[in-house]
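Descriptive analysis of the structure
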Amino acid sequence: MNTKPGLILLPTLISALLPFQGPAAPQERHEPTDRTHRIVELTNRARQQAGCPKVHPNPRLARTARLHSADMADNGYLGHVGSRGHRAATRARAAGYPSQYVGENVAAGNTTAEKTFEQWINSPAHRRNILNCAFTDIGVGHSTNPDSEWKHYWTQMFGRSIP
């Protein structure tokens, strides 16, 4: 993994879920911001250009993304497995998201939504999550820690709601 300043990216798509055993939820301290709303706008613009329907902000996915970004910032790591050992689908299910079909993009290092999204959309694996027309929902998290290596941490979560 590149440890130079700049953006670090990791995508994942999870379509199966092991039985949930409940992580202790980290303390939430970040609310949605203009940066996270901007990621949603950029995502929907790219999806529209590709012929995919818009994804709709989902408060459970958004909270899960915010908590994961805060966890990465607080604990100085970048990855899809949280500091308590749980993956994206497990974290989303713990938040009450009604699906096992979840995708996640994470990044670190960029200060703006535009630069983060640009690097995600230019990465084949991240682009696949963004342009997966089966996803219906989105949640975005951003957290900062001036004492951490990358300073800014981003999480973009996708899901497909089940009735």
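Residues numbered from 1 in each chain as written. Predicted model: local features only at pLDDT ≥ 70, side-chain atom pairs only at ≥ 80, totals over all residues. Heavy atoms only, no water.

Looking at an unreviewed UniProt entry, one finds the chain named CAP domain-containing protein and attributed to Actinopolyspora mortivallis.

**Here's the deal with the pairing of strand S4 (residues 137–144)**
The buried count for S4 comes to 7 of 8 residues, which makes it a mostly enclosed element. Of the pairings in the sheet, the one linking strand S2 (residues 56–57) to S4 comprises 2 bridges and is parallel in character. By the bridge assignment for S4, His56 is matched with Asp137. (Buried < 20%, exposed > 50% of the residue type's maximum accessible area, 1.4 Å probe, protein only. Helix = DSSP H or I, 4+ residues; strand = E, 2+ residues; numbered from the N terminus. Pairing = 2+ DSSP bridges.)

**Regarding unusual backbone geometry**
Non-glycine residue Lys151 carries a positive phi angle of around 70°. As for its placement among the helices and strands, Lys151 is situated in the loop between S4 and strand S5 (152–159).

**Let's talk about the pairing of strand S3 (residues 102–108)**
Strand residues, when the strand is regular, have side chains that alternate between the two faces of the sheet. With 7 of 7 residues buried, S3 is to be regarded as a mostly interior element. Here S3 shows no split at all, with Val102, Glu104, Val106 and Ala108 on one side and Gly103, Asn105 and Ala107 on the other all buried. Where S3 lies against S5, 7 bridges are found, and the strand directions are antiparallel. Within S5, the residue paired with Asn105 across the bridge is Gln156.

**Quick notes on helix H2 (residues 59–75)**
The terminal C-alpha atoms of H2, which comprises 17 residues, lie 24 Å apart, in line with the 24 Å expected from a rise of 1.5 Å per residue. The buried fraction of H2 amounts to 12 of the 17 residues, a majority that puts the element mostly inside the structure. Of the residues making up H2, those classed as buried are Leu61, Ala62, Thr64, Ala65, Arg66, Leu67, His68, Ser69, Ala70, Asp71, Met72 and Ala73. Buried residues along H2 sit against helix H3 (88–94), S3, S4 and S5. Regarding H2, its N-cap is Asn58, as a side-chain oxygen of that residue lies 2.8 Å from the backbone nitrogen of Arg60 further along. Among the residues trailing H2, Gly76 stands out with phi positive, at a value near 65°. (Expected span 1.5 Å × (residues − 1). Contact = heavy atoms within 4.5 Å. Polar contact = N/O pair within 3.5 Å; in protein donor to acceptor, adjacent residues only side chain to side chain.)

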